[in-house]
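For reference, the chains in residue letters:
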Amino acid sequence: MILSLNAENLPQVGRRVAEEGIPAVVIPGPGPISIEENLERARSYSIQAIADPVLDPPLMGLTCSIERYIRLRRDHPDIPLFFGAGNVTELMDGDGPGANLLLSALAAEVEASLLFTPEHSAKAAGSVHDLAVASRMMLLAKERQTPPKDLGLDLLILKEKRRIQEIAPSQEVVEAGTEHPFQADPAGSFRIFLSEGRIMADNGRITIAGERGRDVLNSLIEQGLVGRLDHAGYLGRELERAEIALALGRSYIQDEPLWQRKVK
């Protein structure tokens, strides 16, 4: 597929694109030249055209660009639409799954045929997966003629659909203490970090690696590398945090919180 054909580059490449039979995405421009004009130019070369009215970033014309999609779909129902969701997700600092779900819903409403996103920035990692799941949700919802919920698919990552009922304690509750003196483990300490998609525990002499925190901890214990219960508890906590970071694609720094604010 060829991206971003317009009045500027069509004279140079239009004939070759048509000869190769490659579908091409046509955009507006340059300047005030409309996408309709460029689509007409593409037709003159017999190019298989896909229309991209261009989705603008938030606060830079996003709503107006949706209007362009609606108008183009109404006036040209036979032309496939290209929906560049990455123009939104890459240009705002927010978690991607919800944003990609909403963008996929907008794409479904304007009957776009292709959803596109890069994963150039770290915050956009997983956007291809998000859009793939979201597009399946929209197809199911349209088939059922319902909103995109209760489909057997979702993009709930940190939030949950239904809260589990709290379990009441079976006996007297003793409040946990908050002050506990530190005592070094005579067996040594460990630096915990992520590398090559795995959890690493390194004491300067040996590195134990695994994809699950409990596997790493059990290996440390089995090899006699942990000598105190409180140290084993600490390692368990940190290894679990490292595993959560690995699953979410987040950075992990030992003894630092995964989130800067409390998640409720």
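Before reading further, recall that the structure is shown in the block above.
Undergrad: How would you sum up the pairing of strand β7 (residues 198-202)? Please name residues and give values.
TA: Where strand β6 (residues 191-195) meets β7, 5 bridges bridge the pair, whose relative direction is antiparallel. Following the sheet pairing, Leu194 is matched in β7 by Ile199. Hairpin connection, β6 to β7: the antiparallel pair is bridged by 2 residues, and Glu196 has positive phi, about 55°. Sheet topology places β7 next to strand β8 (residues 207-210); 4 bridges connect them, and they run antiparallel. Bridge assignment links Ala201 to a residue of β8, and that residue is Ile208. The turn joining β7 and β8, which pair antiparallel and follow one another in sequence, is formed by 4 residues; a positive phi near 90° is taken by Gly204.

Undergrad: I'd like to hear about the sheet that holds strand β3 (residues 49-51), residue by residue, with values.
TA: Taken in spatial order, the 3 strands line up as β1-β2-β3 in an open sheet, and their pairing is parallel. This sheet does not close on itself; its edge strands, each paired only once, are β1 (2-5) and β3. Here the strands of the sheet are splayed against their neighbours by 35° on average, with no regard to which way each runs. Relative to β3, strand β2 (residues 24-26) runs parallel, the two sharing 3 bridges. Paired with Val26 across the two strands is Ala51, which belongs to β3.

Undergrad: Residue-level account of the layout of surface pockets, with values.
TA: When its volume is computed, the largest pocket comes out at roughly 1,400 Å³. Along its surface, the largest pocket is lined by 43 residues, and Asp95, Pro97, Ile157, Leu158 and Leu248 are the ones closest to its centre. For the lining of the largest pocket, the elements supplying multiple residues, two or more each, are α5 (96-109), α6 (127-144) and α8 (229-248). The greatest single-element share of the lining of the largest pocket, amounting to 4 residues, is contributed by α5. Considering only residue class, the lining of the largest pocket consists of 20 nonpolar, 9 polar and 14 charged. A per-class count over the lining of the second largest pocket returns 4 nonpolar, 5 polar and 3 charged.

Undergrad: Give a detailed account of the packing of helix α7 (residues 213-222) against α8, specifying residues and quantitative values.
TA: Taken N-terminus to C-terminus, the directions of α7 and α8 make an angle of 150°; their axes are 8 Å apart at the nearest point. The pairing of α7 with α8 is recorded here as roughly antiparallel in orientation. With respect to the hand of their crossing, α7 and α8 are arranged in right-handed fashion. Within the contact between the two elements, α7 uses Gly213, Arg214, Val216, Leu217 and Leu220 and α8 uses Ala232, Leu235, Gly236, Leu239 and Glu243. Of the residues belonging to the contact of α7 with α8, the class tally is 6 nonpolar, 2 polar and 2 charged.

Calculation notes
Residues numbered from 1 in each chain as written. Predicted model: local features only at pLDDT ≥ 70, side-chain atom pairs only at ≥ 80, totals over all residues. Heavy atoms only, no water. Pairing = 2+ DSSP bridges. Helix = DSSP H or I, 4+ residues; strand = E, 2+ residues; numbered from the N terminus. Axes fitted to C-alpha atoms, helices over the stretch in contact; angles between N-to-C directions. 1 Å grid on protein atoms, 1.4 Å probe; cavity = no way out; pocket = protein on both sides within 12 Å on 5 of 7 lines; lining within 4 Å. Points joined across faces, edges and corners; volume = space filled by probe spheres on them. Nonpolar A, V, L, I, M, F, W, Y, C, P; charged D, E, K, R; others polar. Parallel < 35°, antiparallel > 145°, perpendicular 65-115°, else oblique. Left-handed = near helix turned anticlockwise from the far one by under 90°. Contact = heavy atoms within 4.5 Å.

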